[in-house]
Amino acid sequence: SDLANSYNISSSARISSRLLGNLGFVYSDTGATSFRASIQSRYFDQNLNISVARNLDADSQESKQFSILMNGNIFSQTWGSVSYTNDYRYSETKNDVASTFFSNGLTFDSRYFTFNHLLNYQNQKSSDGTETESTTGLVAFGSRINRVNARLNANYDSTDDFQWISYGAGIS
């Protein structure tokens, strides 16, 4: 039989009333190993999650990941609120490709309408010097009047020159 056994050790600990830590380690009979660590926190209506990982396959080829996720409310009043999400990810794969991803979302929400903007940035570099990069986004406006919802949205690409690439509308 070619089945391999794997062994997993993980632990979570509440470091403080607002801080949680996680560790994990996996080992396989084939020699593959994986390590992951993360910290999660919540302060002042803001969430933060930071994680790192390192993997070695059976051939000792390494891959690494690092990520930060932040989200929360900037302010909240009776007439409206503003919230955000930031997502950053970096990885290096076993075939020597480094990838960076960043996303920023911003939302204004009131009793009658919502406005959203989402920006995505991606970059990929290979060991041979090849690099690809893109910057795209979404803008959306929605309104609610009684039980009628309307939405307008548009996608754009600003990688080289800014251009609108699609539009949409809906009513329900």
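Source: prediction; values computed, not measured.

Asker: So, the side chain of S103: which residues are in play, and what are the values?
Answerer: Within the secondary structure, S103 sits in strand β7 (residues 97–109). By relative accessible area, which is 10% here, S103 ends up buried. Side chain to side chain, S103 and N120 meet in a polar contact 3.0 Å long. With near-sequence residues (within four places) excluded, S103 lies in contact with T85, N86, D87, L118, L119 and N120.

Asker: I'd like to hear about the sheet that holds β7, residue by residue, with values.
Answerer: If you trace the 11 strands from one edge of the open sheet to the other, you get β1-β2-β3-β4-β5-β6-β7-β8-β9-β10-β11, paired in antiparallel fashion. In this open sheet, the two strands that pair with only one neighbour each are β1 (6–16) and β11 (163–171). With strand direction ignored, the average angle separating the axes of adjacent strands in the sheet is 10°. As paired elements, strand β9 (residues 131–145) and strand β10 (residues 148–157) share 10 bridges and run antiparallel to each other. Bridging across to β10, I145 finds its partner in V148.

Asker: Which residues make up the pairing of strand β6 (residues 80–92), and what are the values?
Answerer: Two strands pair when backbone bridges link them, and strand β5 (residues 62–77) and β6 are joined in this way by 13 bridges, in the antiparallel orientation. Pairing of G72 across the sheet is with Y84, part of β6. The hairpin turn running from β5 into β6, its antiparallel successor, is 2 residues long. Relative to β7, β6 runs antiparallel, the two sharing 12 bridges. Bridge assignment links Y84 to a residue of β7, and that residue is L106. In this antiparallel pair of consecutive strands, β6 and β7, the connection spans 4 residues, and D96 shows a positive phi of 60°.

Asker: I'd love a proper account of the pattern of salt bridges, names of residues and values included.
Answerer: By the definition in use, this model includes 5 salt bridges. A salt bridge links D87 to R89; the shortest N-O distance between them is 2.7 Å. For D87, a relative accessible area of 17% puts it in the buried group. When its relative accessible area of 40% is taken as the criterion, R89 is described as partly exposed. A salt bridge links R144 to D109, with the nearest nitrogen and oxygen atoms 3.1 Å apart. Here R144 is found in strand β9, whereas its partner D109 is found in strand β7, with 35 residues between them in sequence. Take R144: its relative accessible area is 31%, and that puts it in the partly exposed class. According to the relative accessible area criterion, D109 is partly exposed, its value standing at 31%.

Asker: Please provide a residue-by-residue account of the side chain of T135, values included.
Answerer: Relative to the assigned elements, T135 resides in strand β9. Taking relative accessible area as the criterion, T135 reaches 18% and is therefore assigned buried. Residues within four places of T135 in sequence aside, it is in contact with L119, N120, Y121, D157, S158 and T159.

Asker: Break down the environment of F113 for me, with residues and values.
Answerer: Mapping F113 onto the fold places it in strand β8 (residues 113–126). The exposure class assigned to F113 is partly exposed, which follows from its relative accessible area of 30%. Residues F113 and T33 lie 80 residues apart in sequence; the distance between their C-alpha atoms is 49 Å. With sequence-adjacent residues up to four places away left out, F113 is seen in contact with F108, F141, G142, S143 and R144.

About the cut-offs
- Residues numbered from 1 in each chain as written.
- Predicted model: local features only at pLDDT ≥ 70, side-chain atom pairs only at ≥ 80, totals over all residues.
- Heavy atoms only, no water.
- Helix = DSSP H or I, 4+ residues; strand = E, 2+ residues; numbered from the N terminus.
- Buried < 20%, exposed > 50% of the residue type's maximum accessible area, 1.4 Å probe, protein only.
- Polar contact = N/O pair within 3.5 Å; in protein donor to acceptor, adjacent residues only side chain to side chain.
- Contact = heavy atoms within 4.5 Å.
- Pairing = 2+ DSSP bridges.
- Axes fitted to C-alpha atoms, helices over the stretch in contact; angles between N-to-C directions.
- Salt bridge = Lys/Arg side-chain N within 4 Å of Asp/Glu carboxyl O.

Keep in mind that these numbers describe shape and distance, not what the molecule does.
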